[in-house]
Amino acid sequence: AAAANRHDAADATTSKPAVDETANKLDSMMELAFAHLHRRCDQQPGGAQHAWQALLTIFERTILNTHRSKFSQFLVFYMCLKQPDLCARTFVEFLLIRLKDQHQPSITRSACAAYLASFLARAAFLPHSLVLQALEQLTTFCHDYCKSVTVPAKGLTRSASSNVVLGSKSSAAAALEAEASALSSLTAKHQVFYASVQAILYVLCYHLESLLQHQPQQQQQQQHEPHDQQPHKHNHHHHHQRRSMADAVRQLVKEQVLPLLEHPLQPLNVCLPSVVAEFKHQVQAASIADLSQITPPDEVMRRAQRPLEMFFPFDPYLLKRSSGALGLSTSYIRWRHGHPRSSVHHGDCGAGADSEDEEIESEEEAEEG
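What counts, and where the lines are drawn
- Residues numbered from 1 in each chain as written.
- Predicted model: local features only at pLDDT ≥ 70, side-chain atom pairs only at ≥ 80, totals over all residues.
- Heavy atoms only, no water.
- Salt bridge = Lys/Arg side-chain N within 4 Å of Asp/Glu carboxyl O.
- Helix = DSSP H or I, 4+ residues; strand = E, 2+ residues; numbered from the N terminus.
- Buried < 20%, exposed > 50% of the residue type's maximum accessible area, 1.4 Å probe, protein only.
- Axes fitted to C-alpha atoms, helices over the stretch in contact; angles between N-to-C directions.
- Parallel < 35°, antiparallel > 145°, perpendicular 65-115°, else oblique.
- Left-handed = near helix turned anticlockwise from the far one by under 90°.
- Contact = heavy atoms within 4.5 Å.
- Nonpolar A, V, L, I, M, F, W, Y, C, P; charged D, E, K, R; others polar.
- Core = buried A, V, L, I, M, F, W, Y, C linked by side-chain atoms within 4.5 Å.
- pLDDT = per-residue confidence, 0-100.
- Expected span 1.5 Å × (residues − 1).
- Phe/Tyr/Trp six-rings, centres within 6.5 Å; stacked < 30°, edge-to-face > 60°.

Chemist: Help me out: how do you make sense of the pattern of salt bridges in this one?
Modeler: Two side chains with opposite charge may pair up if their charged atoms get near one another. This model, assessed by the stated rule, comprises six salt bridges. For the salt bridge of aspartate 315 with arginine 122, the shortest nitrogen-to-oxygen distance reads 3.6 Å. Residue aspartate 315 is found in the loop between helix H13 (299–304) and helix H14 (328–331), and its partner arginine 122 is found in helix H5 (residues 106–122); the two are separated by 193 residues along the sequence. On the basis of relative accessible area, arginine 122 is assigned to the buried category, the value being 0%. One salt-bridge network, held together by shared partners, links Asp27, Glu31 and Arg321.

Chemist: Is there a simple way to explain the packing of helix H4 (residues 84–100) against H5 in this structure?
Modeler: Helix-helix packing: each pair is described by the crossing angle between the helix axes and the interaxial distance. In contact at an axis separation of 8 Å, H4 and H5 are set at 150° when each is read in the N-to-C sense. By the angle between their axes, H4 is roughly antiparallel relative to H5. Relative to H5, the crossing made by H4 is left-handed. When H4 is examined against H5, the residues Ala88, Phe91, Val92, Leu95, Leu96, Arg98, Leu99 and Lys100 are found in contact with a partner set consisting of Arg109, Cys112, Ala113, Tyr115, Leu116, Phe119 and Leu120. Partitioning the contact of H4 with H5 into residue classes produces 12 nonpolar, no polar and three charged.

Chemist: Help me out: how do you make sense of the nonpolar core in this one?
Modeler: Side chains of nonpolar character tend, in soluble globular proteins, to be buried together. The biggest cluster of nonpolar side chains holds 103 residues, and the ones touching the most others in it are Phe91, Phe119 and Phe279. The element that contributes the greatest number of residues to this core is helix H9 (residues 191–212), accounting for 16 residues.

Chemist: Would you mind going over the side chain of histidine 190 with me for this structure?
Modeler: Positionally, histidine 190 belongs in the loop between helix H8 (169–189) and H9. When near neighbours in sequence (up to four residues on either side) are disregarded, histidine 190 contacts Tyr145, Val149 and Leu265.

Chemist: Hey, could you run me through the confidence of the model for the protein chain in this one?
Modeler: Caution is warranted with low-pLDDT regions, since their predicted coordinates should not be read in detail. When pLDDT is averaged along the protein chain, the result is 79; 67% of the residues meet or exceed 70. Segment residues 216–225: pLDDT under 50, and 13 contacts once partners within four positions in sequence are set aside and those in other chains are kept. Within the model, pLDDT remains below 50 along residues 337–357, and this stretch shows 54 contacts once partners closer than five positions in the same chain are excluded.

Chemist: In this structure, what is going on with unusual backbone geometry? I would like to understand it.
Modeler: Note: most residues except glycine have negative phi, and most peptide bonds are trans. With a phi angle near 50°, arginine 68 is a residue other than glycine that sits in the positive phi range. Along the chain, arginine 68 falls in the loop between helix H2 (47–63) and helix H3 (74–82). At glutamine 266, a position not held by glycine, the phi torsion is positive, near 50°. When you line up the elements, glutamine 266 lands in the loop between helix H11 (235–261) and helix H12 (273–285). Residue glutamine 266 is classed as partly exposed on the basis of its relative accessible area of 22%.

Chemist: How should I be thinking about H4 in this particular structure?
Modeler: Side chains that are three or four residues apart share a direction in an α-helix, a result of its 3.6 residues per turn. Relative to the 24 Å expected for 17 residues at 1.5 Å per residue, H4 spans 23 Å between its end C-alpha atoms, a close match to the ideal helical length. At its buried positions, H4 is contacted by H2, H3, H5, helix H6 (128–148) and H9.

Chemist: Is there a simple way to explain the packing of aromatic side chains in this structure?
Modeler: The way to describe two aromatic rings as a pair is by their centre distance and the angle between their planes. For the structure on display, the rule yields 25 aromatic pairs. Ring plane angle 80° and centroid distance 6.4 Å describe the contact between tryptophan 52 and phenylalanine 91, whose orientation is recorded as edge-to-face. Taken together, the residues tryptophan 52 in helix H2 and phenylalanine 91 in helix H4 connect sequence positions 39 residues apart. A residue is classified by how much of its surface remains accessible, and tryptophan 52, at 3% relative accessible area, is buried. An angle of 90° between the planes, with centres 5.1 Å apart, marks the rings of phenylalanine 91 and phenylalanine 119 as edge-to-face. Pair noted here: phenylalanine 91 is in helix H4 and phenylalanine 119 is in helix H5, with a separation of 28 residues, a long-range link. For the residue pair phenylalanine 91 and phenylalanine 119, the accessibility class agrees, reading buried in each case.

Chemist: Sorry if this is basic, but what is going on with the packing of H2 against H3 here?
Modeler: At a minimum axis distance of 10 Å, the contact between H2 and H3 shows a crossing angle of 150°. Taken together, the axis directions place H2 and H3 in an arrangement best described as roughly antiparallel. Crossing of H2 against H3: the hand is left-handed. Here Ala48, Ala51, Trp52, Leu55 and Phe59 of H2 come into contact with H3, specifically with Leu75, Val76, Met79 and Cys80. A class-by-class count of the residues in the contact of H2 with H3 yields nine nonpolar, no polar and no charged.

This is the structure in structure tokens:
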């Protein structure tokens, strides 16, 4: 036994450096890639445009459909950060177009939903207007999808399990197994819809509070000017912009998002419970709507249906050296204690790139592990 323990300890000792070495190599490769993009953008006429077109092509062909890709997608994040006018809006539009394209495989469209959700949630440099426009397009897509499918008016029910009262245990088990298989197939059939609904909820978890407290970028800049230089005549206009944004967000949530959650396809049975719970918490905290009437997820059906094959590709960047190129203390929105906290919008300029980040999906990752 002692020899076995020594052998296990030796294995652990030898395996750790291998992991560290791999991470170190990846960190170095990302440093080189960031430096290359920097040179292309800053030192060559038209270099940014050419680099972005090449990178977007590589993203679509290689990264987008790579299962749980790690870190390489932050090359896209970097370009959007350095060239927001050229790249950020284009990237969001690219993902929305591919998501809606029925000629694309479902797995690709679902991946677009995941990338869209994570990018909108995490990129602190995106204007609120772009975030809201993307949410509006997502909700419109989901409602159009609902109109295009036929679902029983009473929704999805546990008919097999509830109807099997008499008969052998084996027949009841067979009925339950058949229903579980049918529910799993249903999730796969409508995975693009479910992934899109989850994307909407996820983005709102990070941005609902800041969208309701929207402050136009021009007004943010004026706060740093001498008081006597600020154009007081525009204060009313800024207040109107802020109020209009908040009203649009409230209307979107109340009239578009919440009805999706009550649709007979029952997305609450498939979306990550932690995302749903946080969304509900923020909606109620903002007094947007009373959610007591929303039907809670059916736990039996939730376990029976195949969970979304979903991940959030712009989760915290953990490579320390190359993270410096991303300026994460000002470009990246971190999750803190149930509320979105961005260094841009909330003044957290001291947060390090490798500081602990409590993610709302951590429950599911723990269960998977």
